Amino acid sequence: MPIEKTTPVETKEFVETGASQTGVYPKFGHMPKAATTQMTQAEKLAAEAEMAELLRARAATPDARAQYQARLEELRALAANHGRDTQQQIEN
C-alpha cells in the first residue's frame, strides 16, 4: 500500500497530555559525578610503554606470525558466517 494512501495515526491524546511546551529549556539538576577519575599523563605514558614492550616481546616470539595468521583467519571466518549463523539461531 503506498504511503500516500495510509491513514495517519491519531496522536491527539498524547499531544494534549504529553510534553508541555513552556518555552523554557528543562533543567536536569547538577552534573553527575564520574565513576572514575581521568587517567593522568604519567599513567598514559606508562600504559603506552607497557603496550610497546608487549608488542616487542610478541614480535620476538618465533611463532608470532603464525599465531597472527591463525587469529586473522578465525576472525575472517567469523565475519563471513556470523550474520547467517545468527539469523539461523533467531529463526530456530
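Note that the structure is a prediction, hence the values are computed from the model and not measured.

**Concerning the overall build of the chain**
Here is step 1: Of regular secondary structure, the chain possesses three helices and zero strands.
Here is step 2: Here the chain holds 92 residues, and 1% of them are scored as buried.

**So, the pattern of salt bridges**
Here is step 1: Enumeration over the complete set of coordinates arrives at five salt bridges.
Here is step 2: For the salt bridge of Glu 53 with Arg 56, the shortest nitrogen-to-oxygen distance reads 3.2 Å. Within this pair, Glu 53 and its partner Arg 56 are both found in helix H2 (residues 41–60), separated by three residues, close to a single helical turn.
Here is step 3: Close ionic contact of Asp 85 with Arg 84 constitutes a salt bridge, the shortest N to O distance being 3.4 Å.
Here is step 4: The exposure class of Asp 85 is partly exposed, given its relative accessible area of 34%.

**Looking at the confidence of the model for the chain**
Here is step 1: On average, residues of the chain carry a pLDDT of 80, and 78% of them reach 70 or more.
Here is step 2: Of all helices and strands in the chain, the one with the weakest mean pLDDT is helix H1 (residues 12–17) (66), whereas H2 scores best (88).

**Description of helix H3 (residues 64–91)**
It helps to recall that an α-helix has 3.6 residues per turn; residues three or four apart then point in one direction.
Here is step 1: For H3, with 28 residues, the first-to-last C-alpha span of 40 Å sits near the 40 Å given by 1.5 Å per residue.
Here is step 2: Along H3, the largest kink reaches about 50° and is centred on Asn 81.

**Examining the environment of Arg 56**
Here is step 1: Given a relative accessible area of 52%, Arg 56 falls into the exposed group.
Here is step 2: Within the local environment of Arg 56, its side chain forms a polar contact with the side chain of Glu 53, the two groups lying 3.2 Å apart.

Conventions we followed
Chains are numbered independently. Their residues run from 1 in the order of the written sequence. Per-residue local features of the predicted model are confined to residues with pLDDT of at least 70, and side-chain atom pairs are confined, for both listing and counting, to 80 or more; whole-chain, interface and lining totals are unaffected and use all residues. Here the side-chain values reflect all heavy atoms present in the structure, with hydrogen atoms and water set aside. A run of H or I in DSSP counts as a helix once it spans at least four residues, and a run of E counts as a strand once it spans at least two, with each numbered from the N terminus. For each residue, the accessible area found with a 1.4 Å probe, counting protein chains only, is set against the maximum for its type, and the residue is called buried under 20%, exposed over 50%, and partly exposed in between. We define a salt bridge as a side-chain nitrogen of Lys or Arg found within 4 Å of a carboxyl oxygen belonging to Asp or Glu. Think of pLDDT as the predictor's per-residue confidence, scored from 0 to 100. Helix span, as expected, comes to 1.5 Å for every residue beyond the first. Note that bend, as reported per residue, equals the angle between axes fitted to the 7 residues terminating at that residue and the 7 residues originating from it. Counting of polar contacts relies on pairs of N or O atoms within 3.5 Å, with two restrictions inside protein: one atom must be capable of donating a hydrogen and the other of accepting it, and residues adjacent in sequence are counted only when both atoms are side-chain atoms.

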